[in-house]
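# Residue-level structural notes
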Amino acid sequence: ASVEVGLIDFEKEEEEGVSKLIDSLAKRYGPSSLDSSDSENPPLESDVLRSKEALRQIALLFSLLGEYQPVDYITQILAADDNAKIDKIIMMDGGCGYPPPAYTTPDVKFPEPPTSGTAFGGSIANGKAIMKENGRLLKVELTQGGRGYLNAPSVEISSPPDGDGGATKGETIQATAQAYLGKKKLKGSVGRIEILDPGLGYNSLNNITITVSPPEGEGGVAATAKAIIEYEIIGIDVVDSGSGYAAEQAINIVIDPPPGVASGSGSRARSAFAIAYPKGKSTSYESFIGSGSNTLSASLSNVDTTQWVTGPTSSQLLALLPSGFGLQYDNELDRYVLSRGSSSNNWEDILGGSLEGQKFKPINPIFGFRGRSPIEKEKTLDVSKVARFVASGAICSSIAHFSLTPLDVVKTKSQTKPDVYNLGIVGNFKKVLEEEGASTFLDGWEPTFAGFFIAGGFAFFATEYFRRYYGSLIMSAMMAQKSGISEVSAMTTVSSLEIPLIVASAATSAFFCCFLLAPFDAVRIRTVSQPDYADNIFGVLSRMVEEEGLLSLFSTVPVWFVKEIPFNVMKFLVFDTSTDYLYEAFPAAREDILLSLLVSLVGGTLGGIAATIVSNPADVVLSELKKSKTDMSPFEAADLIKERGGIAAFATGMPLRMIFYSLLVSLQFFLYDTIRIGLGVGNDDMKLYLDVLNVALNEKVKQ
């Protein structure tokens, strides 16, 4: 987010603008910002560490860019910090068609380090090829062409040795070759011998005999030849490991191809290929700011939080991404990606050493705790924000339920009078329309709207409040039990528990909502099941209180616990799980608004269906208890339903409820997000971001 904000003034310059911005930041925060001209008062070690860490953070930030990523500049920054040397070389392909070392040794060329020619210095590495016989023949070399040949002679090559003496153990294949007569001055002599099959299993320890048949006529002299064994490159002996390389980017080593003297191998000749892995005292996965006696702590607890809004400080920049996060060069994307070790979810599990042998998992820089938590902080909830959260929940919940009142009416009638409304979804709709009129579809809308206006306002705010509250409890417990653990690590753990926290907060919110919803739903059910019970909802309410007592409105609260708590837990659990899966399967949806809305729609639909299944039995019991005056307990009502229709009776109205709640949940999430953004309490509105680029941008303006 910070990089994108910083690029606004550079938008027209595109790739060149990105380079200008990162250059400005590097000069502002990096080692070049320190005054090293005074030999008597050199920069403090802590200042040097801060400047190096600043460069690391700048490289991490700009790695979040996809298009116009300044790859070369990032590499130079990383190399300056890492000052890595060649640590390990892996042969990707040993090649073939190389002659013995006695003939020639292929040159090995390392690229110049990115810091070469800069103020940071750096030296190029160099090494020698390590060669070994591969058991095949490279060529047959004539030692004597002979004379008196009228026709090309036959050539026989001795079989490879048996046993363990060969360079290639196991299968052996006898090589074959063909002779060709010379021309002009070489007429009557053998001009060359070409390998037809290089064979397998030969070695220089055993004599390889080449027999060329003699000329047919008298006075001729038979040609002679010797076999040259083919070599491959099995490794690189590093003579000078160099310096100034970036530990995050593997290096391609250029190895000379087989020379022209290997032309006898024809198309079999192939260049060797190797990759070098540099290793430095530090990498982008390790912070320069640690817990040692001579270093500084990189915990967010040390950041002056009063500066989050007013502008950047060096401590803010250094707190963006702590140890354990770094860069890896992706050869397919041809750019750097932010990554972490796949074996650890702890930012303090530092990934030291070289890239070779490590498994890296790219992380998404925008969505999820792994990318955003280090650079953002939640705003506190004041009275104004609480009021807007409540208003968002109240409006979205009441409107969503009101708009689906016709479905709720038909569902309630099918549950309270299953013997009458048993014609299926479409049939029941037609029956209500024909017998009671279209106005019946809005029966009970008043208590529905009022109940969910009040309960919805409380529920959505309470979910947000308890999510924060439970998260703070976990953070406090972690920091109390593990002395020395940083606030960054504690925040990371809390963020990784996002779904459990939402489930717990939703369950707690639902518990209190049950007391708010029970009386309104009791009035709604009585209004729908007995249309003549009273003239309006106030009449229904007063008659129920008069005949059954005030507490009768809350008699179904235990059933609401069984209905609403599983409903809310399953709704959030399935929604978050399914949307996470869809974003993993279709990453493009994260960047496209329409696709993102589609993902939310699918997640809401699945969440509504799952929530319907777990809550339907309790919903049937509620309808049974409140369709008329009764002294039954919830357990007695459940037994009556079971006697009347068996276990299947608890699924009454489920198909319609699946449609109802899949639409309801999707509509609620959509309206809630829309209203929150409109009222200024959307996800981004509730975050404080570290504006680390502000000073550099101000510098640009001054220039």
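All figures in this text were calculated on a predicted structure; none of them were measured in a lab.

Criteria and cut-off values
Residues numbered from 1 in each chain as written. Predicted model: local features only at pLDDT ≥ 70, side-chain atom pairs only at ≥ 80, totals over all residues. Heavy atoms only, no water. pLDDT = per-residue confidence, 0-100. Contact = heavy atoms within 4.5 Å. 1 Å grid on protein atoms, 1.4 Å probe; cavity = no way out; pocket = protein on both sides within 12 Å on 5 of 7 lines; lining within 4 Å. Points joined across faces, edges and corners; volume = space filled by probe spheres on them. Helix = DSSP H or I, 4+ residues; strand = E, 2+ residues; numbered from the N terminus. Salt bridge = Lys/Arg side-chain N within 4 Å of Asp/Glu carboxyl O. Expected span 1.5 Å × (residues − 1). Buried < 20%, exposed > 50% of the residue type's maximum accessible area, 1.4 Å probe, protein only. Nonpolar A, V, L, I, M, F, W, Y, C, P; charged D, E, K, R; others polar. Core = buried A, V, L, I, M, F, W, Y, C linked by side-chain atoms within 4.5 Å. Pairing = 2+ DSSP bridges. Patch = residues over 30% accessible without salt bridge, like charges linked within 9 Å, V, L, I, M, F, W, Y side chains within 5 Å. Areas by Shrake-Rupley, 256 points an atom, 1.4 Å probe, with all protein chains shown as cover. Axes fitted to C-alpha atoms, helices over the stretch in contact; angles between N-to-C directions. Left-handed = near helix turned anticlockwise from the far one by under 90°. Lys, Arg positive; Asp, Glu negative; His and termini not counted. Phe/Tyr/Trp six-rings, centres within 6.5 Å; stacked < 30°, edge-to-face > 60°. Lys NZ or Arg CZ within 6 Å of the ring centre and 35° of its normal.

## Some remarks on the confidence of the model for the chain
Counting all residues, the mean pLDDT for the chain is 75, and 76% of those residues have values of 70 or more. Low pLDDT (under 50) marks residues 261-266, which in the prediction has seven contacts with non-local residues, meaning those over four places away or in another chain. Overall, residues 341-375 carries pLDDT values under 50, and its contacts beyond four positions in sequence, including any with other chains, amount to 94 contacts.

## Brief notes about empty space enclosed by the protein
Inspection of every chain in the model, using the stated rule, returns six cavities of 30 Å³ or more. Considering only enclosed or pocket space, the largest cavity measures out at about 330 Å³ in volume. Along the wall of the largest cavity there are 27 residues; nearest its centre are H401, F452, L517, E564 and Q668. Counting residues per element, the ones that place at least two in the lining of the largest cavity are α8 (383-403), α9 (405-416), α11 (445-481), α13 (498-529), α15 (557-585) and α18 (654-679).

## Notes on the pattern of salt bridges
Overall, the coordinates contain 14 salt bridges when judged by the stated rule. Residue K226 pairs with E141 through a salt bridge whose shortest N-O separation is 3.6 Å. Linking K226 in strand β8 (residues 224-240) with E141 in strand β3 (residues 126-144), this pair joins segments that are 85 residues apart in sequence. The shortest N-O distance in the salt bridge between D382 and K385 comes to 3.1 Å. Residues joined in a network through salt bridges with shared partners are K139, E141 and K226.

## Description of helix α3 (residues 45-62)
An ideal rise of 1.5 Å per residue puts 26 Å on 18 residues; α3 measures up with 26 Å between its terminal C-alpha atoms. Every buried residue of α3 is accounted for by L49, S51, E53, A54, L55, R56, Q57, I58, A59, L60, L61 and F62.

## Overview of the layout of surface pockets
In this structure, the second largest pocket spans a volume of roughly 380 Å³. Within the residue set of the lining of the second largest pocket, elements represented by two or more residues are β9 (251-255), β10 (273-279) and β11 (325-330). Its residues assigned to classes, the lining of the second largest pocket comprises 13 nonpolar, five polar and two charged.

## With respect to the nonpolar core
Note that soluble globular proteins tend to have their nonpolar side chains buried in a common cluster. Counting 27 residues, the largest nonpolar core has C396, F660 and L664 as its most contacted members. Of all elements in the fold, only α8, α9, α11, α13, α15 and α18 reach the threshold of two or more residues within this core. Looking at this core, the element that brings in the most residues is α18, giving nine residues. Not counting chain neighbours up to four residues away, the residues in contact with L664 comprise A400, H401 and L404. Core analysis: the second largest hydrophobic core is formed by 24 residues, Y29, A59, V71 and A246 among them.

## Section: the sheet that holds β9
Strand order in the open sheet formed by four strands is β1-β10-β9-β2, with antiparallel pairing between adjacent strands. Two strands in the sheet have a free side with no partner beyond their single neighbour: β1 (85-93) and β2 (108-109).

## Comments concerning α8
Here α8 spans 30 Å end to end across 21 residues, near enough to the 30 Å set by a 1.5 Å rise per residue. When α8 is considered as a whole, its buried residues turn out to be K385, F389, S392, G393, A394, C396, S397, S398, A400 and H401. Residues of α8 that are buried in the fold lie against α9, α11 and α18.

## Quick notes on a nonpolar patch on the surface
Taken together, the side chains of L541, V545, L550, L551 and F554 present a nonpolar region at the surface, about 450 Å² in accessible area. In this fold, L541 is placed in helix α14 (residues 537-548). Judged by relative accessible area, which is 34%, L541 ranks as partly exposed.

## Some details on unusual backbone geometry
Positive phi, close to 55°, is recorded for K184, a residue that is not glycine. Here K184 shows up in the loop between β5 (176-181) and β6 (190-197).

## Some thoughts on the side chain of N428
Within the secondary structure, N428 sits in helix α10 (residues 424-436). By relative accessible area, N428 is classed as buried at 6%. Beyond its immediate stretch of four places on either side in the chain, N428 contacts V410, S414, Y421, N422 and L423.

## Some details on the environment of P160
Among the secondary structure elements, P160 is positioned in the loop between β4 (155-157) and β5. Looking at P160, the relative accessible area reads 8%, which means it is buried. Taking the C-alpha atoms as reference points, P160 and T209, separated by 49 residues in sequence, lie 10.0 Å from one another.

## Observations concerning the packing of α13 against α15
Viewed as axis vectors pointing N to C, α13 and α15 meet at an angle of 145°, and their least axial separation amounts to 8 Å. The handedness of the crossing between α13 and α15 comes out as right-handed. Packed against α13, whose contacting residues are I499, I502, V503, A506, A507, A510, F511, C514, F515, L517, A518 and D521, the element α15 presents V557, W560, F561, E564, I565, N568, V569, F572, L573, D576, T577 and D580 at the interface. Considered class by class, the residues forming the contact of α13 with α15 number 18 nonpolar, two polar and four charged.

## Re the side chain of E564
Tracing the sequence through the fold places E564 in helix α15. One buried charge, E564, has no salt-bridge partner; the nearest side chain with opposite charge is K563, at 4.8 Å. Excluding residues within four positions of it along the chain, E564 makes contact with A510, C514 and L517.

## Details of the packing of aromatic side chains
In this description, a pair of aromatic rings is defined by centroid distance and the angle of the planes. For the structure shown, the criterion picks out 19 aromatic pairs. Between the aromatic rings of F458 and F512, the centroid separation amounts to 6.3 Å while the plane-to-plane angle is 75°, which identifies the pairing as edge-to-face. With a gap of 54 residues between them, F458 in helix α11 and F512 in helix α13 connect regions that are remote in the sequence. According to the relative accessible area criterion, F458 is partly exposed, its value standing at 28%. For the ring pair F511 and F512, a centre distance of 5.3 Å and an interplane angle of 85° mean the geometry is edge-to-face. Overall, the relative accessible area of 35% leaves F511 in the partly exposed class. Members of the aromatic cluster, joined through ring pairs, are F458, F461, Y465, F466, Y469, Y470, F511, F512, F515 and F561. Its end group placed over the ring of Y533, R543 keeps NZ or CZ at 4.0 Å from the ring centre.

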